[in-house]
Amino acid sequence: MKKLFLYIVLLFPMFVFSQNEQLAQNYFDRGEFDKAILIYEDLVKGQPNNYNYFQKQIACYQQLNQLDKAETIISNRINKTKQSNLYIELGYNYQLQKNTDKADKNYKIALEKIKENPNNVYTVARDFEQKALVEQAIEAYRLGNLGNPDANFDYQVSLLQGQLGKIDLMIDTLLDYSFRFSVNLPLVQNQLTRFMSEDSQKAFSDSLKKALLIRTQKTQDLFWNQFMSWFFIQQKDYGKAFIQEKAIFKRNSDNLINIINLAKLTIDEKEIETATEILNFILLNTQDLELQMEAHYQLTSIDIDKATTKEYPIIKEKLDLLLKKYGISPYSIRLQILSAHFDAFYLKQFESAKTVLTKALDLPLNNYQKADVKMELADVLLLDEKFNQAIIYYAQIEDDLENDQMAHEASLKMAKASYYKGDFDWAQKQFTVLKSSTSQLIANDSMELFLLISDNTVEDSTQVALKKFSKADFLAYQNKNTEALQLFETILAQHKGEKIEDVTLLRIGKLYEKQNNFLQALSLYQQIIDKHAEGIYIDEALFFSAEIYRKQLPDIEKAKAYYEKIIFSHEDSIYFVEARNNYRKLRGDTNL
């Protein structure tokens, strides 16, 4: 008990100091310097050697224009400690008094301290930087390097040159520094990324590109090709990045990892032409069977997405040949799933798809591979209106991978299956849980369907419109777009002015988009914008309209106008970040 009491006695002053320091900092940050100074004075008395408290105390006096008091305190500390950086504090205090002669005199004394001991460069240069005394900081680093030639301050000096507006010099210094100290390449690239993100006129990016091109032409070192590839990726110019990666691979064909990563990036960014080119290059340059299968999987997926009905037999033949070539094994499981998916969702050959997937479950698969197969099998069963069987497989994934992201996805699909078959009470219980998911997409989908059910149940306890709507949604899931469109339009005609109107307009708009009827889709979205501006689907209507004008019916000004409405009026939208990035692209800001 005595020991416990002793610990409390010893720790209590530390706790009080911590609390007071936080309070003083809060006052300081809010500009309430008269309150902050009272606490900092006490803190300095309690810990006179704490330089941070001392600096904050001086800053408060300076902000309160009590410069004479600050001068006295700094001078007294100099007399006691002779610390080199204190001369910077004193010089800066004179600078605030417009006494430049005394300010310069003290700055020179601080610089002389580096000549006496090169290790003083770290504190002196740091304090010059804190006071935005850029020229003096550069000089400090120069003197530090003279006194200790083994030290390198190029990184720090380059950033200071940037502050002086000497951008080309900064870029050259940073690039040369990264080449000599390649371990610090990420540090340099992070800084360059920051400058590019603030580069609305592209001047910095153009200068960096020019500097990199000069280096790739002057030297054969692959370092610069890799740097150039990185630059083009930041610009989202993946085709040019691929040119650099091919040049690297031509001279060093040990591995394809960078090209594989670039392929994944282009697929994620939906840069289909570049992705196709990269995937074909991988196929030509690897003997790795797993890598070959993954490349074929991605290429076939791309073909399926853009295929017309006439091309289905060609794709089917291609899938069959791939499975024959690589065999039925755990290694080809993604190709097997893709084949089953194509059979069910495109050829409507449900039994064939189920057979492929059921046989796959007999293979020695790991838990995630089994979950992938079961998820596809459940999707096929749902497509074939075998609701209860589909729900069983979704539930198995939930149990097998509890708390995993895939389990949450299965939970969402299970809830949707209940929604499709009209079991709204059970679906609503699932959506209630899932709308708190850590996955934004799952949470958003769940929240949308939760509100759809609750809003339309409150307005109509018999759920007449909701039952029609869920049936139309299921027809759309089955890719029976004509039937879905007819039912949605019937809902719109029979339930005009009801709560379900805006979401019905949205669904019809998306179906028209699938049919490439973009003008009709725009008219539906415009009705939401005009009549349901306070509803929850307004941001989607704005975003989908902007996307049409950006991609399908190019009109930059109209696209920008819709993106702007999301940026300025719907900051909480899941489309906010994408809208902002696309807006910047249209405005000419390629550095996002």
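Residues numbered from 1 in each chain as written. Predicted model: local features only at pLDDT ≥ 70, side-chain atom pairs only at ≥ 80, totals over all residues. Heavy atoms only, no water.

*Asks:* I keep staring at helix α2 (residues 33-46) and nothing clicks. Help me out?
*Replies:* Because an α-helix packs 3.6 residues into every turn, residues spaced three or four apart end up facing the same way. Across its 14 residues, α2 extends 20 Å between first and last C-alpha, which sits within 8% of the 20 Å expected from 1.5 Å per residue. Among the residues making up α2, those that are buried are Phe33, Ala36, Ile37, Ile39, Tyr40, Glu41, Leu43 and Val44. (Helix = DSSP H or I, 4+ residues; strand = E, 2+ residues; numbered from the N terminus. Expected span 1.5 Å × (residues − 1). Buried < 20%, exposed > 50% of the residue type's maximum accessible area, 1.4 Å probe, protein only.)

*Asks:* Would you mind showing me how to read the packing of helix α28 (residues 501-514) against helix α29 (residues 518-531) here?
*Replies:* Where α28 meets α29, the axes come as close as 8 Å, and the angle between the chain directions of the two elements is 165 degrees. Our classification of the angle between α28 and α29 gives roughly antiparallel. The hand of the α28/α29 crossing is left-handed. Seen from α28, the contacting residues are Asp502, Leu505, Leu506, Ile508, Gly509, Lys510, Tyr512 and Glu513; seen from α29, they are Phe518, Gln520, Ala521, Leu524, Tyr525, Gln527 and Ile528. For the contact of α28 with α29, the per-class residue count stands at nine nonpolar, three polar and three charged. (Axes fitted to C-alpha atoms, helices over the stretch in contact; angles between N-to-C directions. Parallel < 35°, antiparallel > 145°, perpendicular 65-115°, else oblique. Left-handed = near helix turned anticlockwise from the far one by under 90°. Contact = heavy atoms within 4.5 Å. Nonpolar A, V, L, I, M, F, W, Y, C, P; charged D, E, K, R; others polar.)

*Asks:* For this particular structure, what's the right way to read the nonpolar core?
*Replies:* When a protein is soluble and globular, its nonpolar side chains tend to lie buried together. Core analysis: the largest hydrophobic core is formed by 88 residues, its most contacted members being Leu382, Tyr394, Tyr419, Phe431, Leu452, Phe469 and Phe488. Other than its neighbours up to four places away in sequence, Tyr394 contacts Met375, Ala378, Asp379, Leu382, Ala410, Lys413 and Met414. Counting 45 residues, the second largest nonpolar core, distinct from the first, contains Tyr40, Ile58, Ile78 and Tyr141. (Core = buried A, V, L, I, M, F, W, Y, C linked by side-chain atoms within 4.5 Å.)

*Asks:* What exactly am I supposed to notice about the pattern of salt bridges here?
*Replies:* When charged atoms on two side chains of opposite charge get close, those side chains can pair. Tallied over the full model, the rule gives 30 salt bridges. Across the pair Asp320 and Lys316 runs a salt bridge whose closest N-O atoms are separated by 3.7 Å. In this pair, Asp320 and Lys316 are both assigned in helix α18 (residues 312-326), four residues apart and thus about one turn of the helix distant. Overlapping salt bridges, with partners in common, bring together Glu351, Lys354, Asp384 and Lys386 in one network. (Salt bridge = Lys/Arg side-chain N within 4 Å of Asp/Glu carboxyl O.)

*Asks:* Looking at this structure, how should I read the packing of aromatic side chains?
*Replies:* How two aromatic rings sit relative to each other is given by the distance of their centres and the angle of their planes. Summed over the entire model, instances satisfying the criterion amount to 34 aromatic pairs. Between Phe469 and Phe488 the ring centres are 5.2 Å apart and the planes differ by 65 degrees, which places this aromatic pair in the edge-to-face class. Linking Phe469 in helix α26 (residues 464-477) with Phe488 in helix α27 (residues 481-494), this pair joins segments that are 19 residues apart in sequence. Taken as a pair, Phe469 and Phe488 share a single burial class, namely buried. Among the aromatic residues, those joined into a cluster by ring pairs are Phe345, Phe387, Tyr419, Tyr420, Phe424, Phe474 and Tyr477. Over the ring of Phe28 we find Lys56; its NZ or CZ atom is 5.1 Å from the centre of that ring. The side chain of Lys435 reaches across the aromatic face of Phe450, ending 4.9 Å from its centre. (Phe/Tyr/Trp six-rings, centres within 6.5 Å; stacked < 30°, edge-to-face > 60°. Lys NZ or Arg CZ within 6 Å of the ring centre and 35° of its normal.)

*Asks:* Honestly, the side chain of Glu513 in this entry has me stumped. Any pointers?
*Replies:* Looking at the secondary structure, you find Glu513 in helix α28. Filtering out sequence-adjacent residues up to four positions away, Glu513 remains in contact with Phe518, Ala521, Tyr525, Phe544 and Ile548.

*Asks:* I would appreciate a short explanation of the side chain of Thr173 in the present structure.
*Replies:* Within the element layout of this structure, Thr173 appears in helix α10 (residues 167-180). Look at Thr173 and you get buried, because its relative accessible area is 18%.

*Asks:* What is the right way to look at the environment of Lys374 in this model?
*Replies:* Among the secondary structure elements, Lys374 is positioned in helix α21 (residues 367-383). Assessed through its relative accessible area of 13%, Lys374 is described here as buried. Along the sequence, Lys374 and Ile337 sit 37 residues apart, while their C-alpha atoms lie 9.8 Å from each other. Those residues within four positions of Lys374 in sequence are excluded, and the remaining contacts are Leu361, Tyr393, Gln396, Ile397 and Asp400. A polar atom in the side chain of Lys374 sits 3.2 Å from the side chain of Asp400. (Polar contact = N/O pair within 3.5 Å; in protein donor to acceptor, adjacent residues only side chain to side chain.)

*Asks:* What is the right way to look at the confidence of the model for the protein chain in this model?
*Replies:* Low-pLDDT portions of the prediction should not be read for the details of their coordinates. Per-residue pLDDT for the protein chain averages 89, and the proportion of residues at 70 or more is 95%. Across residues 2-17, confidence stays below pLDDT 50; counting only partners more than four residues off in sequence or on other chains, it has four contacts. (pLDDT = per-residue confidence, 0-100.)

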